[in-house]
Amino acid sequence: MIQQAAVIGAGVMGHGIAQLYAQAGIPVFLYDLEENYLEKARKAIKANLILQVQRGVLTEVESERAVACITYTTDLEEAVRTADFVTEAIPEVIEWKWELYEKLESCMKPTAVIASNTSTIPVSRLAEKMSTPERMMITHFFNPAQLVPLVEVVRHERTEEKIVQTTMEVMRMIGKSPVLLKKEVPGFIANRLQAAVVREALHLLEEGVAEAKDIDLAVTEGPGFRWAFIGPIETADFGGLDTWKRVVDNLAPELSQSRQAPEFLNTLVDAGHLGAKSGQGIYEYEEISVSEKIKERDDKFIELLKVKQR
Ligand SMILES: NC(=O)c1ccc[n+]([C@@H]2O[C@H](COP(=O)([O-])OP(=O)(O)OC[C@H]3O[C@@H](n4cnc5c(N)ncnc54)[C@H](O)[C@@H]3O)[C@@H](O)[C@H]2O)c1
């Protein structure tokens, strides 16, 4: 199994992914273009670990061991030369990713895996210009990567079977629940499902069916409560497929079929009302710093993780 990992890009996703390797006891290089990005990542990882210790899901010793497993570097060759598994988490610009893969292929071990965290670019497109496309994968983590269990794993036609198996094993080693797609589709699985729910929620709001808080409550206290443990397909099985056949037949024509965001969302975005980060979105937010909001969110996710792990 792998002895050394590397994560390229220490931003929102990369720092959390590097933390996962470190918590699994796997030495990891975390690379970014400049020292100040690495410093931000170092602080974020420290805060994540402190929170996990405070909430009793990690011991002080495990936290210290994780910190010791991470080497921060702005030297790309140093980061990847000895790595067996390299995660790419740089911005979603295909030209930047292609340029990076060319560099990686020139200095990585020939057998090492390259796994992109892309949310939207097909893996076959990412591998298009590579001289070793057979080692290219997608491992799509969810924010915050160090807490959300799911990783969607996507291969392309030319990815070697052995690389796919190694990727699945590595994801399990770092404590994740990997799901392997049988074919490439835009948005993979989870973002397609989320987008379908969000489109309908915005449609209900636009139609004046209920207040935003009540639409959200209808999810968190209803389907969302179940979904942490029972997915939509099992829900249909439990409910009875005859019943769900009628539900789909009767409701499908009534659901939003919109191919774009509703007009009111465009108006909000144009006015700079971008949600929690700008203080106003569909809801209004009190003056509370972004880092406090993130801590509050992570606190709840840790509690859910504890329940799921029991
Ligand atoms: N943010 C999310 O919620 C989320 C969720 C799932 C997947 N993703 C995907 O993960 C990837 C990274 O997203 P993010 O939100 O972490 O981005 P980010 O902008 O927070 O971080 C990207 C980091 O990569 C660095 N970088 C830029 N160019 C680079 C290069 N050529 N080489 C090395 N580092 C470089 C930047 O300095 C930055 O620190 C994207 O493909 C994105 O689509 C993001």
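Note that the structure is predicted; figures quoted are calculated from it, not measured.

### A word on the site of the ligand
Close to the ligand lie 20 residues; Met13, Asp32, Glu92, Lys97 and Ser119 are nearest. Take Met13: an N or O atom from its main chain is 2.9 Å from an oxygen atom of the ligand. At 3.3 Å from an oxygen atom of the ligand is found a main-chain nitrogen or oxygen belonging to Ile90. Computed on the free molecule, the ligand has an accessible area of 820 Å², of which 77% lies beneath the protein chains in the complex. When grouped by side-chain class, the residues that make up the shell around the ligand number 10 nonpolar, 7 polar and 3 charged.

### Re the pattern of salt bridges
This model, assessed by the stated rule, comprises 12 salt bridges. For Glu88, the salt bridge goes to Lys97, with nearest N and O atoms at 2.6 Å. You can call Lys97 buried: its relative accessible area is 1%. One salt bridge in this structure joins Glu128 and Arg125, with 3.6 Å as the shortest N-O distance. For Glu128, a relative accessible area of 45% translates into the label partly exposed. Looking at Arg125, the relative accessible area reads 37%, which means it is partly exposed. Put simply, Glu35, Glu39 and Arg42 are held in one network by salt bridges that share partners.

### What to know about the side chain of Asp32
Its place among the elements puts Asp32 in the loop between strand E2 (28-31) and helix H2 (35-54). Of the side chains with opposite charge, Lys40 lies nearest to the buried Asp32, which makes no salt bridge, at 9.3 Å. When residues no more than four places from it in sequence are discounted, the contact partners of Asp32 are Gly9, Ala10, Gly11, Tyr37, Leu38, Thr73 and Thr74.

### As for the UniProt feature "binding site: NAD(+)" (unreviewed entry) in the chain
The feature "binding site: NAD(+)" (unreviewed entry), as annotated in UniProt, sits at Gly9, Ala10, Gly11, Val12, Met13, Gly14, Asp32, Glu92, Lys97, Ser119, Asn143 and Lys277 in this numbering. In three dimensions, the annotated residues from a span of 269 residues occupy distinct locations, with a maximal C-alpha spread of 27.3 Å. The residue Ala10 is located in the loop between strand E1 (5-8) and helix H1 (14-23) in this model. A residue is classified by how much of its surface remains accessible, and Ala10, at 6% relative accessible area, is buried. The residues touching Ala10, leaving out its near neighbours within four places in the chain, are His15, Leu30, Tyr31, Asp32, Tyr37, Leu38 and Ala41.

### Comments concerning the nonpolar core
Residues Tyr21, Val28, Leu30, Phe85, Phe141 and Met171 are the most contacted members of the largest nonpolar core, which totals 36 residues. Every residue in contact with Met171, bar those within four places of it in the chain, is listed here: Tyr21, Phe85, Thr139, Phe141, Val151, Val153, Lys176 and Pro178. Of all hydrophobic cores here, the second largest spans 28 residues; its members include Leu76, Leu100, Met108 and Phe188.

### Topic: the packing of helix H8 (residues 190-206) against helix H13 (residues 263-270)
The geometry of H8 relative to H13 is characterised by a closest axis approach of 9 Å and an angle of 95° between their N-to-C directions. As summarised for this structure, H8 and H13 are arranged roughly perpendicular, according to the angle between their axes. Two secondary-structure elements touch here, H8 through Leu202, Leu205 and Glu206 and H13 through Glu263, Phe264 and Leu265. Classifying every residue of the contact of H8 with H13 gives 4 nonpolar, no polar and 2 charged.

### Brief notes about unusual backbone geometry
Omega for the bond connecting Asn143 with Pro144 falls within 30 degrees of zero, at 0°, which places this linkage in the cis form. Here Pro144 shows up in the loop between strand E6 (136-141) and strand E7 (150-154). Although it is not a glycine, Phe188 sits at a positive phi angle of roughly 50°. With respect to the helices and strands, the residue Phe188 is situated in the loop between strand E8 (177-180) and H8. Judged by its relative accessible area of 4%, Phe188 is buried.

### Digging into the packing of aromatic side chains
Overall, the coordinates contain 0 aromatic pairs when judged by the stated rule. Just above the ring of Trp98 sits the side chain of Lys129; from NZ or CZ to the centre is 4.5 Å. One cation-aromatic arrangement involves Lys308 over Phe229; the distance from NZ or CZ to the ring centre is 4.8 Å.

### So, the sheet that holds E6
Strand pairing within a sheet occurs via backbone hydrogen bonds; the two strands may be parallel or antiparallel. The 8 strands lie next to each other as E3-E2-E1-E4-E5-E6-E7-E8, forming an open sheet whose pairing is mixed. Bordering the open sheet on either side are strand E3 (70-73) and E8, each of which pairs with just one other strand. For this sheet, the mean inter-axis angle between neighbouring strands, taken without regard to orientation, is 25°. Across 4 bridges, strand E4 (residues 85-88) lies against strand E5 (residues 113-116) in parallel orientation. Paired with Val86 across the bridge in E5 is Ile114. Of the strands in this sheet, E2 and E3 are in contact with H2, which crosses E3 at around 160°.

Conventions we followed
Residues numbered from 1 in each chain as written. Predicted model: local features only at pLDDT ≥ 70, side-chain atom pairs only at ≥ 80, totals over all residues. Heavy atoms only, no water. Near = heavy atom within 4 Å. Polar contact = N/O pair within 3.5 Å; in protein donor to acceptor, adjacent residues only side chain to side chain. Areas by Shrake-Rupley, 256 points an atom, 1.4 Å probe, with all protein chains shown as cover. Nonpolar A, V, L, I, M, F, W, Y, C, P; charged D, E, K, R; others polar. Salt bridge = Lys/Arg side-chain N within 4 Å of Asp/Glu carboxyl O. Buried < 20%, exposed > 50% of the residue type's maximum accessible area, 1.4 Å probe, protein only. Helix = DSSP H or I, 4+ residues; strand = E, 2+ residues; numbered from the N terminus. Lys, Arg positive; Asp, Glu negative; His and termini not counted. Contact = heavy atoms within 4.5 Å. UniProt positions renumbered as here; feature names shortened; annotations may be inferred. Core = buried A, V, L, I, M, F, W, Y, C linked by side-chain atoms within 4.5 Å. Axes fitted to C-alpha atoms, helices over the stretch in contact; angles between N-to-C directions. Parallel < 35°, antiparallel > 145°, perpendicular 65-115°, else oblique. Phe/Tyr/Trp six-rings, centres within 6.5 Å; stacked < 30°, edge-to-face > 60°. Lys NZ or Arg CZ within 6 Å of the ring centre and 35° of its normal. Pairing = 2+ DSSP bridges.

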